[in-house]
Structures are given as C-alpha cells and as structure tokens.
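Given next are the chains, with one letter for each unit.
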Amino acid sequence: MTSTETTTVSLAMATDTHTSWFDRATFYPPDPIFALTAGFIADPDPNKVNLGQGTYRDDEGKPWILSSVHQAREKLISQKLYHEYLPILGLAEFRSRAAEVALGTRIYREHKETLATCQSLSGTGSLHLTGLLLRAVLNPLPKVFIPEPTWSNHHQIFRALGFECQSFPYYDYANKTLDFDSYISTLESAEPHSIFILHACAHNPTGCDPSKSQWEQIGQIFKDRQLFPLFDAAYLGFNSGDVDEDAFAIRYFVDDLELETAVCMSFAKNMGLYGERVGCTVLVAKNSLTARNTESMLEMLQRSEVSNPPGFGAKIASTVLGDEQLKGAWYEDMVTMSGRIRSMRTQLHDLLVSQATPGSWNHLVNQTGMFGFLGLSPKVVEQLRDQYYIYMSANSRISLAGLNSHNVEYVARSIKTCLEDQQF
Ligand SMILES: Cc1ncc(COP(=O)(O)O)c(C=O)c1O
C-alpha cells in the first residue's frame, strides 16, 4: 500500500460513523478492591464493615491524619508555598531523606555515591519506573518472578512492560504459613539474572514474612546465583512500628551481601499520604559511574512519563524527615498505627477462639502487617457480605485496619455463624 492509500484508508476510518479508532478496546471489569469499596459505600446498612481496602482507619473507622504530617503541613502552609515545577528527578532533599529511611544512616552515608534515586508516583509509580529502567538496560529481558499470592498490580505492571512474569509458590495454604521450601527451590532453579519481586515486609496479602535467618538464606542464594532483588517497600515502619526492623532485608542485601538492589518506596501507608502519591525509587549500584548513568536514565524515563513529579506530598514527607522533632513524632505515629492494628489482630483471634469458632485461628496472630488472610471459602465471604454487610476480598484477605472496638465482636460473631451454617 502506498502512503497516499494509507492516508485515504485512515481518513475513511476516522470519518465513518460506524468505525471507531477504539474498536479493538475490550471491556475490563473494575479492579476488585475498588469495586468492593464502591459496593460498601453504596450499602445503606448501618452495621456495614469494610475489611477490603488497605487504608488505615482509627478506632472510629475514620481516616487518620498523622500528627507528624499535620504539623509538617501547617509548617509548609505558614511559609510561602510556591507551586513551581519540581526537578524531573523530584525534590532532591526528599530523595536523599527517603533513601536514608530505607538504608539507615550509616549504610546511606557509605553508599551515597553509588545510589541512583528518583521521586516516584508512590509505590506503584516506583515499581513501574524501575520496570521501565530494567527493560531499557537488560537484553535479553529476564523473567520476573512474583510470589503467589501477591498484590495484584505486580503482574499488571510488569506484564504491561513486556516482561514474562512467573508466579512462584510463597504461601502454604494448608498450614497457613510461608512456604519456605518452595521459595528456596524456586530461587535455586531460576535462571541466573532473573528478577525477583520481594515484599520488604508485611507481605500483601498473606501477612507472612521470612524470619531474619530465612532472609539471610534467601539473600545468600541471590548472591550465589546472581539473581536481582527488587524490593517492594510499601510498608516500612508501618508493619512493626520500627523502620529499622522492617528494613532488615533491604539493609542485609545491600550492606552484608553488597548486592545491587532496587527499592521501590511508598509513603502512602507509613505517612498516610495515600492521595498525594509520594514514593521514591532507590537503586543501589556497583560504583558511582554506574549510579550516575543509571540516574540519568531514570531522569530521561521520568521525563517521558510524568515530566515532573507532584510537589506537595513530597514537601510534606521531606519536612517530616528533615526535622528531628517531626521525625520523632512520625516514629510515634507509626507505633500508634501498627499497635492498633496488632491489637485488632489479637482481639479478633481471641474472640474467634473463645466463642469456639470452627477452625484454627493461630495464623491470625502469627501474621504481621495490615493484612490478614482468614482462610475462608468464597461462599463464606459471600454470605458475610450478603447477610452481614461485611466486605472483604474474595480470597478472604482482610485489612485489619477496618476493625475497631465497635465492630470487632460483630465481625467475629458473624464469621462464626457463617462457618457453622456452611457445616450443614
Ligand atoms: C505490596 C504493595 N506494593 C505497593 C503498593 C503501592 O501502593 P501505592 O502506589 O499507593 O504507594 C501497595 C498498596 O496497597 C501494596 O500493597
């Protein structure tokens, strides 16, 4: 076909009322978690409970503004707050302070010259940017190994970038624990140079993380077999209330094993900055030249994606991290959030056990983080929603932050009733 003929066909398509440029678009159902929340919002029942959405709620079931964030915001607003573009790589002091959160002060100082960092659109944007970079620098493209189960967006992000994604067994559904043996055998059989997505802490959805000694074994295999660790760090400090504890695996890989590592950070959960999209990509490279080149590529890739990242949230996070008093308040805020979640975990467990709910419930207190994997059948999940207005993912993952002192008994009683009903 000549170029004139191509133009004629294209024009005909554009002017034909029965043909759309988008004819080949197919319908995708809404994201299940967001659809669940929409169902919850529309539900008029006064007893309704939302255990689906992974956002922190206080004991009244309300969103919570962290005291540290509130103070930082007031401080920013009291100054002259310009609305200029940020640099393409984002706010420089935010990037270095975020990297210091992930690595700790000593490791950060020692590795400063070998870091490539870029402000990102929260954790999701950071994963995407890291994927873009890896796609640009690796040839042939390695496989991306993703734990099963995982946060649903991992597959979407890396598949959309053209990576072949392979799930590997992470969770022992029968015993409701980490399937460590399968994890190790996957690492030992994966092709060298494969990429592995690692949840730095608070594995979503299972709440099961490797212990420190298991992380050490995992890390050693990464080193021996030349695998690439890509840490999804969406819950640092939010998990245990202690950033140093939650960043153990990242720091072990970087400092003890001296591995090149990617860390995709989100400040959505640990600062409650969900809507501001505050994240940071931190890549630890072998030497300073590689780091500079890598950072220049992040800048080039970011330019074509978002041009400049958003300013307000990064300024809030940077203000918190750059002021000793506010940073101390942030640490306390994380203790408050993680402590309330842990207490809900224990209360739900104790209520289920004390009322002799069918099944065993120890897994609830052995898991950590905001999410719990109840281990209920889809039928029970459906009954809980339809008869008791309790909303959770079809795989019975719950956000423990949706529980509070006013609804935990109701939820425990409803679970017991549904499980007993299903026995008959
Ligand atoms: C495991 C995991 N990674 C990344 C994210 C990214 O979240 P955001 O893009 O809001 O920072 C989430 C959010 O729920 C998550 O659970």
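All of these numbers come straight from a predicted model, not from anything done at the bench. Within each chain, residue numbers correspond to sequence positions counted from 1 in written order. The model is predicted, so local features are restricted to residues of pLDDT at least 70 and side-chain atom pairs to those at 80 or more, both for listing and for counting; the totals for chains, interfaces and linings are taken over all residues. Excluded from the side-chain calculation are hydrogens and water; included are all heavy atoms of the structure.

Peer 1: I tried to follow the site of the ligand on my own but got confused; where do I start?
Peer 2: Here a residue is considered near a molecule or strand provided that any single heavy atom belonging to it is located within 4 Å of it. Taken together, 13 residues form the shell around the ligand, and within it Ser122, Thr124, Asp232, Tyr235 and Ser266 come nearest. Side-chain polar atom of Tyr235 to an oxygen atom of the ligand: 2.7 Å apart, as the coordinates give it. Within 3.5 Å is the distance limit for a polar contact, defined as a pair of N or O atoms, with the added protein rule that one can donate a hydrogen and the other accept it, and that residues adjacent in sequence qualify only through two side-chain atoms. Between an oxygen atom of the ligand and a side-chain N or O atom of Lys269, the distance comes to 3.0 Å. For the purposes of this entry, the term helix denotes a DSSP run of H or I that reaches at least four residues, the term strand denotes a run of E that reaches at least two, and both are numbered from the N terminus. If one sorts the elements of the shell around the ligand by residue count, helix α6 (residues 122-137) sits on top with 3 residues. Gly is placed with the polar residues, together with every amino acid not listed as nonpolar (Ala, Val, Leu, Ile, Met, Phe, Trp, Tyr, Cys and Pro) or charged (Asp, Glu, Lys and Arg). Looking at side-chain class alone, the shell around the ligand contains 4 nonpolar, 6 polar and 3 charged residues.

Peer 1: It is not clear to me how the nonpolar core should be interpreted in this structure. Could you clarify?
Peer 2: A general tendency of soluble globular proteins is for nonpolar side chains to be buried together. As used in this record, nonpolar core signifies buried Ala, Val, Leu, Ile, Met, Phe, Trp, Tyr and Cys residues forming a set joined through side-chain atoms within 4.5 Å. Accessibility here uses a 1.4 Å probe with only protein chains present; expressed as a share of the type maximum, an area under 20% marks a residue as buried, one over 50% as exposed, and anything in between as partly exposed. Judged by nonpolar contacts, the single largest core of 101 residues is most densely connected at Phe253, Met265, Trp330, Leu348 and Leu376. A total of 8 residues in this core trace back to one element, the largest contributor, which is helix α14 (residues 324-354). Residue ranges labeled as domains rest on an automatic or database domain assignment. Of the domains in this structure, domain 1 (30-64 + 339-423) and domain 2 (85-322) are the two that each give at least three residues to this core. Every residue in contact with Leu348, bar those within four places of it in the chain, is listed here: Leu364, Leu374, Ile398, Leu403, Val408, Val411 and Ala412. Counting residues in hydrophobic clusters, the runner-up holds 23 residues, among them Leu129, Leu134, Val144 and Cys264. Contacts are assigned to residue pairs that have any heavy atoms within 4.5 Å of one another.

Peer 1: Can you walk me through unusual backbone geometry in this structure?
Peer 2: Here the amide bond leading from Asn139 into Pro140 is cis, since omega sits at 0 degrees, within 30 degrees of zero. Note that Pro140 resides in the loop between α6 and β3 (144-148). Omega for the peptide link from Asn204 to Pro205 comes to 20 degrees, which places this bond in the cis form. Within the secondary structure, Pro205 sits in the loop between β7 (195-199) and α9 (212-225). Positive phi, normally seen in glycine, also occurs at Ala202, with a value near 55 degrees. What makes Ala202 buried here is its relative accessible area of 2%. At Tyr389, a residue that is not glycine, the phi angle is positive and equals roughly 60 degrees.

Peer 1: Can you help me understand the packing of helix α4 (residues 92-103) against helix α11 (residues 248-256) in this one?
Peer 2: One way to put it is that α4 packs onto α11 with a least axis distance of 8 Å and a crossing angle of 95 degrees. Classified by the interaxial angle, the pair formed by α4 and α11 is roughly perpendicular. Residues Glu100, Val101, Ala102 and Leu103 of α4 pack against Ile250, Arg251 and Val254 of α11. Its residues assigned to classes, the contact of α4 with α11 comprises 5 nonpolar, no polar and 2 charged. For every element, the axis is a line fit to its C-alpha atoms; helices are fit only across the contacting stretch, and the angle between N-to-C directions ranges from 0 to 180 degrees. The scheme is simple: roughly parallel for angles under 35 degrees, roughly antiparallel for over 145, roughly perpendicular for 65 to 115, oblique for anything else.

Peer 1: Explain α9 to me, please; I cannot follow it from the model alone.
Peer 2: Given 3.6 residues per turn, any residue in an α-helix points the same way as the ones three and four places further on. For a helix, the expected span equals 1.5 Å multiplied by the residue count minus one. Over its 14 residues, α9 extends 20 Å from the first C-alpha to the last, a length consistent with the 20 Å expected when each residue adds 1.5 Å. The set of residues buried in α9 consists of Trp215, Ile218, Gly219, Ile221 and Phe222. Projected onto a plane normal to the axis of α9, the buried residues spread over an arc of 155 degrees and lie on a single side. Elements that come into contact with the buried residues of α9 comprise α8 (180-189), β7, β8 (228-233) and α11. At the exit of α9 stands Gln226, carrying a positive phi of roughly 55 degrees. Arc definition: it is the arc formed by the directions from the helix axis to the C-beta atoms.

Peer 1: Help me out: how do you make sense of the domain arrangement of the protein in this one?
Peer 2: Quite often, the size of an interface is put as the accessible area lost when its parts meet. Per the domain assignment, the segments of the protein are domain 1 (30-64 + 339-423) and domain 2 (85-322). Placing the centre of domain 1 and that of domain 2 at their C-alpha centroids yields a distance of 29 Å. In this assembly, 18 residues from domain 1 lie in contact with 18 residues from domain 2. Both sides together, the interface formed by domain 1 and domain 2 hides about 1,300 Å², and carbon and sulfur atoms give 55% of it. Summed over both partners, the accessible area lost on bringing two parts together, with a 1.4 Å probe, is the buried area. The three residues of domain 1 that bury the most area against domain 2 are Thr368, Phe371 and Phe373, which together make up 35% of that side's buried surface. Basic side-chain nitrogens of Lys or Arg form a salt bridge, by our definition, when they fall within 4 Å of a carboxyl oxygen of Asp or Glu. Counting the contacts that link domain 1 with domain 2 gives 0 salt bridges.

Peer 1: Is there a simple way to think about the packing of helix α13 (residues 312-321) against α14 in this case?
Peer 2: A pair of packed helices is characterised by two quantities: the angle between their axes and the separation of those axes. In the contact formed by α13 and α14, the axes pass within 6 Å of each other and the chain directions differ by 100 degrees. Taken as axis vectors, α13 and α14 run roughly perpendicular relative to one another. Counting all contacts with α13, which are made through Thr319, Val320 and Leu321, the residues of α14 involved are Leu326, Lys327 and Trp330. In terms of residue class, the contact of α13 with α14 is made up of 4 nonpolar, 1 polar and 1 charged.

Peer 1: Honestly, the sheet that holds β8 in this entry has me stumped. Any pointers?
Peer 2: Strands belonging to one sheet form pairs held by backbone hydrogen bonds; the direction of such a pair is parallel or antiparallel. Here, strands pair whenever DSSP counts at least two bridges between them. With mixed pairing, the 7 strands of this open sheet are ordered in space as β2-β10-β9-β8-β7-β3-β4. Looking along the sheet, the strands with just one partner apiece sit at the ends: β2 (115-121) and β4 (165-169). Ignoring which end each strand starts from, the neighbouring axes of this sheet average 25 degrees apart. Examined bridge by bridge, strand β9 (residues 261-266) and strand β10 (residues 278-284) share 6 bridges and lie antiparallel to one another. Its bridge partner being in β10, Val263 is matched across the sheet by Val282. α4 contacts β2, β9 and β10 of the sheet and is inclined by roughly 105 degrees relative to β2. Strands β7, β8, β9 and β10 of the sheet are contacted by α11, whose axis makes an angle of about 150 degrees with β8.

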